[in-house]
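# Coordinates in review
Below, each chain spelled out in residue letters.
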Amino acid sequence: MLIVVKKNYDEMTKEAARVISEIVREKPSCTLGLATGSTPLGVYKELIRMYKEEGLDFSKVTTFNLDEYIGLAPSHQQSYHYFMHDNLFKHINLDERFIHIPSSMVDVSDINRIHKYCDWYEEQTRKAGGMDLQLLGIGVNGHIGFNEPGSSLGARTRIKTLTQKTREDNARFFNNDIDQVPKYAITMGVGTILESRIVLLLASGKQKAEAIKMTAEGPITAMVPASIVQMHRKAILIVDEEAGSLLDMQYEQFVTDLE
Ligand code: GLP
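The sections below set out a description of the structure shown in this document.

What counts and what doesn't
- Residues numbered from 1 in each chain as written.
- Predicted model: local features only at pLDDT ≥ 70, side-chain atom pairs only at ≥ 80, totals over all residues.
- Heavy atoms only, no water.
- Helix = DSSP H or I, 4+ residues; strand = E, 2+ residues; numbered from the N terminus.
- Rg over C-alpha atoms; globule rule 2.2 N^0.38 Å.
- Buried < 20%, exposed > 50% of the residue type's maximum accessible area, 1.4 Å probe, protein only.
- Pairing = 2+ DSSP bridges.
- Right-handed = clockwise from strand over helix to strand, strands pointing away.
- Axes fitted to C-alpha atoms, helices over the stretch in contact; angles between N-to-C directions.
- Parallel < 35°, antiparallel > 145°, perpendicular 65-115°, else oblique.
- Left-handed = near helix turned anticlockwise from the far one by under 90°.
- Contact = heavy atoms within 4.5 Å.
- Nonpolar A, V, L, I, M, F, W, Y, C, P; charged D, E, K, R; others polar.
- Near = heavy atom within 4 Å.
- Polar contact = N/O pair within 3.5 Å; in protein donor to acceptor, adjacent residues only side chain to side chain.
- Areas by Shrake-Rupley, 256 points an atom, 1.4 Å probe, with all protein chains shown as cover.
- Phe/Tyr/Trp six-rings, centres within 6.5 Å; stacked < 30°, edge-to-face > 60°.

Along its length, the chain carries seven helices and 10 strands. Against the compact-globule benchmark of 18 Å for 259 residues, the chain has a radius of gyration of 17 Å, which places it among compact chains. The principal-axis extent of the C-alpha atoms belonging to the chain is close to 50 × 40 × 35 Å. Across the 259 residues that make up the chain, the buried fraction comes to 55%.

Set out below in C-alpha cells:
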C-alpha cells in the first residue's frame with residue numbers, strides 16, 4: 001500500500017487526478033469506478049480542466065459508480081445520479097452508454113428483485129473487463145461506498161441499511177434533517193471493490209484522521225471496512241496533512257510512478 005500525504009485538499013485532489021489521467025492516457029478504453037461525496041469533487045474539477053485544456057479524452061472510458069441511495073429520483077439534487085452528472089459527466093466527453101450508476105428506484109419490498117438487479121450490475125462490471133481503478137472516499141466510521149462497519153469483507157453489490165452515524169453525517173446534504181436522508185442504499189461490496197486493479201482512496205480534514213489511522217495502521221477488521229485495502233496489491237491512499245495527522249509512520253510526499 002502506498003500512502004501519500006499531501007499538504008492540503010487541493011494538492012491531494014490534483015495528485016489523484018494525475019493518477020487517473022495517467023490511466024486514461026495509457027488505456028483510453030479503461031473502466032473507472034467512481035465515488036461521490038465532497039472528497040472527490042476537486043478530482044472531478046481537475047479532470048474537467050484536463051479535458052478542456054489538455055484534451056484528456058474520455059470518449060472510450062466506461063464508468064461504474066460505487067453506490068446510490070434508494071428512494072431518491074435521479075433528478076433529486078442529492079441523488080448520486082444528479083451529483084455525477086452535475087459535477088463530472090456533463091462537463092466531459094464520456095459516452096452516456098458507458099456510464100453506470102446503481103438504480104435508486106428499486107422497490108425495497110421486493111428483495112429478490114433487488115438481488116437480481118445487484119447481480120446484473122456486477123455482471124456489467126465483469127463484461128466491461130473489470131475496474132482498472134476504483135476511486136474511494138471514506139466515511140468517518142471507516143465505511144467505503146456504503147459498506148458500513150460490520151459489512152462482510154467479501155461482500156458483493158447489494159442493498160445496505162445505512163447506520164445512524166452515516167445518516168447523521170450525510171444530513172448536512174439534506175437541510176440538516178436526518179429524516180430526509182434515505183435509509184437504504186445499493187453499494188458495491190468490499191469484495192467487488194477489491195477486484196479493481198488499483199484502489200485509490202482519498203481523505204481530507206481532521207474529521208477523517210481517526211478513520212485513516214485505523215485504515216492504514218490498525219488491524220484489518222470488518223468494523224473498519226476501509227482497512228481491507230491493506231490486503232490489496234495496488235492500493236494508494238492520498239490524504240491531506242490533517243487526515244494523515246494521527247499516522248505514526250512518515251509517508252512519501254509524492255507518487256513518482258504507478259509501477
Ligand atoms: C458517503 C458515500 C461514500 C463517501 C462518504 C464520505 O457515505 N457513500 O462513498 O466516501 O460519504 O463522504 P465525504 O467525502 O463527503 O466525506
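Our focus in this paragraph is the pairing of strand E3 (residues 62–65). Of the two faces of E3, the one holding Thr62 and Phe64 and the one holding Thr63 and Asn65 are both buried throughout. The pairing of strand E2 (residues 31–34) with E3 spans four bridges and is parallel. By the bridge assignment for E3, Thr31 is matched with Thr62. With respect to chirality, the unit in which E2 leads through helix H2 (residues 41–54) into the neighbouring parallel E3 is right-handed.

Take the packing of helix H1 (residues 9–26) against H2 next. Taken N-terminus to C-terminus, the directions of H1 and H2 make an angle of 50°; their axes are 8 Å apart at the nearest point. By the angle between their axes, H1 is oblique relative to H2. Of the two possible hands of crossing, H1 and H2 adopt the one that is right-handed. Only Leu41, Gly42, Val43, Glu46, Leu47, Met50 and Glu54 of H2 make contact with H1, whose side of the interface consists of Tyr9, Thr13, Lys14, Ala16, Ala17, Arg18, Ile20, Ser21 and Arg25. Looking at the contact of H1 with H2 residue by residue, the class counts come to eight nonpolar, three polar and five charged.

A few words now on the site of the ligand. Neighbouring residues of the ligand: 13 residues in total, closest Ser38, Thr39, Asp67, His143 and Lys208. At 3.3 Å from an oxygen atom of the ligand is found a main-chain nitrogen or oxygen belonging to Ile138. His143 has a polar side-chain atom sitting 2.8 Å from an oxygen atom of the ligand. Calculation on the ligand without its partners gives an accessible area of 390 Å², and the protein chains cover 96% of this total. Among the residues forming the shell around the ligand, the class breakdown is three nonpolar, seven polar and three charged.

Inspection of the entire model under this criterion finds six aromatic pairs. Seen in terms of ring centroids, Tyr69 and Phe146 are 5.3 Å apart; in terms of plane orientation they differ by 45°. Their pairing is tilted. Taken as a pair, Tyr69 in strand E4 (residues 67–69) and Phe146 in the loop between strand E6 (133–136) and strand E7 (158–161) lie far apart in primary sequence, 77 residues in all. Taking relative accessible area as the criterion, Tyr69 reaches 2% and is therefore assigned buried. We classify Phe146 as buried; its relative accessible area is 2%. Every member of this aromatic cluster is reached through a ring pair, and the members are Tyr69, Tyr80, Phe146 and Phe174.

What follows is about the sheet that holds strand E10 (residues 235–240). If you walk across this open sheet you meet the seven strands as E1-E10-E9-E6-E2-E3-E5, and the pairing is parallel. Looking at which strands have only one partner, the edges of the open sheet turn out to be strand E1 (2–6) and strand E5 (99–100). Across the sheet, helix H7 (residues 209–217) is in contact with E1, strand E9 (198–203) and E10; its angle to E10 comes to roughly 155°.

Moving on, we get to the pairing of E2. Side-chain alternation along E2 places Thr31 and Gly33 on one buried face and Leu32 and Leu34 on a second face that is also buried. Here two bridges tie E2 to E6, and the two strands are oriented parallel to one another. Its bridge partner lying in E6, Leu32 is registered against Leu133.

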